[in-house]
Amino acid sequence: MNNVAPKIENDTDNWFHANQQFLSAFVEYAKYSIAQAYHLSPDPDEKIADTRANLSEKIALHKQQVADFTPIDYLAHLYQLNEFEQQVLLLAIAPELDSSMLYPNGAKTPIVINFSLALATLPDPDWKAITANGALRSNSLIQLEDPDLVTQSRLIVPETILHFIMGLSDEDPELKTYAEEITHKSVVLEAKNSDTLEEMVQLWQTHQQRQPSLFNIIGDFGEAKIDLAYALAQQLEKRLLVLPAHFIPHNHNKLKEFIAKWEREIQLHDCLLLVDCDATTDADEDEIFTTHFLNLLNSTVICTSSARRKKSNKEQYIFDIYRPSTLEQFNFWRENIDVPEADIQSVSAHFDLFFSQIKSMINTYYALQGKQSLWKICRKYSRQHMNSLAERIDISDGARDIVFPEVQTIALQSIIAQLTYKLKVYDEWGFSRNSARGKGLIALFHGASGTGKTTAAEYLASQLSLDLYRVDLSNVVSKYIGETEKNLNQIFTSAEQAGTILLFDEADALFSKRTEVSGSNDKFANSQVSYLL
């Protein structure tokens, strides 16, 4: 049997009906066995064995009529359940199918479905099945209402397992609050990223029968990483669920339960889990428990991060996200939209986008029937990513008309010219072939308060029709080693894609003169300044 969950389609009414008949036959058998155990059976002793044998045959007959295999067969294969453990699981859900079984032969007081009852009524009882290390409890297929009363506690079957056995493909409602399912996403991959996708598919199919591994997609472009994972899920015909790492419990007992639920979700519903390791709040705590989660999860999983994860005890495969060059973006724009080439040159020069993002904006342009310029559409799209990282400054209509002294005017016009013609210089003239670095532009405005530093930034933004964002350094600088650089990298990456101007206002606290290294604090403070420059 392949390790693939039964797929319940809309046209499988016969399968569903046959599975219900099988479950009903077991309930009938369980009711009779319980009545016998409580000495409530109307049959004389000599008939009891025959009646139970007939009911067992009925169960087997209905089970054979279920096409392929029943959900309980799949669970038995997946978790290595013996016959007794399968019947315990069915006994535990039986009251959900027929509540009258709690009142055998009209008894006034309801019975309790527990391990003691299972051991007394089901054939071939196995005491190992009720232990904490047994397959039923260790995989959270069955839980105890009172863990201190192992044999007497009422047995509880998680809702997702109940629905699965009944043939209803419902996901765990609790996990839905943590993870987002990515659906109906339009993905267009660049040529090199398409090659990466093909490699991922081949590796995934090769490793289906091997030990779980880790597929690590790395890079600074979160949306592009999700696109690649979604394309993989489509190729494998799986659902993609994205779990932000900060939702992973920071408690070992809760983590163990969390892992068991995710393993069950992945295996029962044939989904692909992506752990977004960029989505963290407390770097140290998140890193520790994210590592535990990825290592202990007994399934192949995808994780996205800015750099390779170093503490994986699984076989790990690294996949880099390739960012298209400005010229590649320009060609993609030109092939997919009918607008003046000058407009394409402008958006290609200032907005650093992946093909899926470009395609989305082209769709928006045509949906608006050309009533809004391509430039405005790109600006609005880019704000979605920047607004959570920095404060956008509203530029007044008169900002472009401000007059500066001659020296400052020459400097500002030089900045404007460099940004306006960078596509021609770097790509058409070929300056970017020798090095991909140094394409940005840093301008240091210095002077006393009120001398026009912020006004000069607003003037540049107005002349270039770009957004201006003020970076609050109090939200960037961190006492934790490496966190300041991580925060800055996130801002710079988003700003590069959005084509925005960043204003580090009153940045003396971070841009101050580098000091002699007399301790570890000086060393890391200097590294932060070096990272910026």
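All of the points below concern the structure found in this document. (Residues numbered from 1 in each chain as written. Predicted model: local features only at pLDDT ≥ 70, side-chain atom pairs only at ≥ 80, totals over all residues. Heavy atoms only, no water.)

1. Here's the deal with the state of the cysteines
Overall, the coordinates contain zero disulfides when judged by the stated rule. Its sulfur unpaired, C277 is 4.4 Å from the next cysteine sulfur, which belongs to C303. (Disulfide = S-S within 2.5 Å.)

2. A short note on the packing of aromatic side chains
As enumerated under the stated definition, the model contains 14 aromatic pairs in all. Seen in terms of ring centroids, F332 and F355 are 4.2 Å apart; in terms of plane orientation they differ by 5°. Their pairing is stacked. Of this pair, F332 sits in helix α13 (residues 326-336) while F355 sits in helix α15 (residues 355-367), and the two are 23 residues apart along the sequence. Grouping residues by exposure puts F332 and F355 together as buried. Ring plane angle 70° and centroid distance 5.1 Å describe the contact between F351 and W375, whose orientation is recorded as edge-to-face. (Phe/Tyr/Trp six-rings, centres within 6.5 Å; stacked < 30°, edge-to-face > 60°. Helix = DSSP H or I, 4+ residues; strand = E, 2+ residues; numbered from the N terminus. Buried < 20%, exposed > 50% of the residue type's maximum accessible area, 1.4 Å probe, protein only.)

3. Some points on the nonpolar core
Buried together is how nonpolar side chains tend to be arranged in soluble globular proteins. Within the largest apolar cluster, 48 residues are counted, with the highest numbers of intra-cluster contacts made by L75, L81, V88, L89, L91, I142 and I165. Contributions of two or more residues to this core are made by α1 (13-37), α3 (71-79), α4 (83-97), α5 (115-121), α6 (135-138) and α7 (159-165). Other than its neighbours up to four places away in sequence, L75 contacts Q80, L81, L89, I161, F164, I165 and L268. Of all hydrophobic cores here, the second largest spans 35 residues; its members include L353, Y365, W375 and L466. (Core = buried A, V, L, I, M, F, W, Y, C linked by side-chain atoms within 4.5 Å. Contact = heavy atoms within 4.5 Å.)

4. A few points about helix α17 (residues 406-420)
Along an α-helix, residues three or four apart share an orientation, since each turn contains 3.6 residues. When the terminal C-alpha atoms of α17 are compared, their 21 Å separation across 15 residues agrees well with the 21 Å that a helix rising 1.5 Å per residue should span. When α17 is considered as a whole, its buried residues turn out to be L412, I415, I416 and L419. One side of α17 carries all its buried residues, which in axial view fall inside an arc of 95°. Pointing more than 90 degrees away from the buried face of α17 are the exposed residues E406, V407 and I410. (Expected span 1.5 Å × (residues − 1). Arc of directions from axis to C-beta.)

5. Quick look at the environment of Q267
Among the secondary structure elements, Q267 is positioned in helix α11 (residues 252-269). Along the primary structure Q267 and N298 are separated by 31 residues, whereas in three dimensions their C-alpha atoms are 10.0 Å apart.

6. What about unusual backbone geometry?
In this structure, D124 takes a positive phi of about 50° despite not being glycine. As for its placement among the helices and strands, D124 is situated in the loop between α5 and α6. Within the chain, E237 stands out as a residue other than glycine whose phi angle is a positive 60°. Tracing the sequence through the fold places E237 in the loop between α10 (222-236) and β5 (239-244).

7. Looking at the sheet that holds strand β7 (residues 301-305)
Judged by pairing direction, the sheet is mixed, and its six strands sit side by side in the order β3-β5-β6-β7-β4-β8 without closing on themselves. Every interior strand has two partners, whereas the edge strands, β3 (180-182) and β8 (315-320), have only one. Neighbour to neighbour, the strand axes of the sheet diverge by 25° on average, direction disregarded. Of the pairings in the sheet, the one linking β3 to β5 comprises three bridges and is antiparallel in character. Opposite I182, over in β5, you have L240 as the bridge partner. On the sheet, helix α9 (residues 191-206) packs against β4 (213-218), β6 (271-276), β7 and β8 and is oriented at approximately 165° with respect to β8. (Pairing = 2+ DSSP bridges. Axes fitted to C-alpha atoms, helices over the stretch in contact; angles between N-to-C directions.)

8. Details of the side chain of T290
With respect to the helices and strands, the residue T290 is situated in helix α12 (residues 283-296). Other than its neighbours up to four places away in sequence, T290 contacts A245, I248, V275, C277 and R309.

9. Brief notes about the packing of α13 against helix α14 (residues 341-350)
As a packed pair, α13 and α14 sit with axes 9 Å apart at the nearest point and diverge in direction by 140°. Here the hand of the crossing between α13 and α14 comes out right-handed. Between α13 and α14, the residues in contact are T326, Q329, F330, W333 and R334 and E341, I344, Q345, V347, S348 and A349, respectively. (Left-handed = near helix turned anticlockwise from the far one by under 90°.)

10. Here's the deal with the pattern of salt bridges
All told, the structure shown has 14 salt bridges when counted by the stated rule. Salt-bridge contacts for R154 lead to E145; the nearest nitrogen and oxygen are separated by 3.2 Å. Residue classification places R154 among the partly exposed positions, given a relative accessible area of 41%. Notably, a salt bridge pairs R379 with D467, separated by 2.6 Å at the nearest N-O pair. Note that R379 is positioned in helix α16 (residues 374-386) and D467 in the loop between α19 (453-464) and β10 (468-470), a separation of 88 residues in sequence. Exposure remark for D467: the relative accessible area of 6% places this residue in the buried category. (Salt bridge = Lys/Arg side-chain N within 4 Å of Asp/Glu carboxyl O.)

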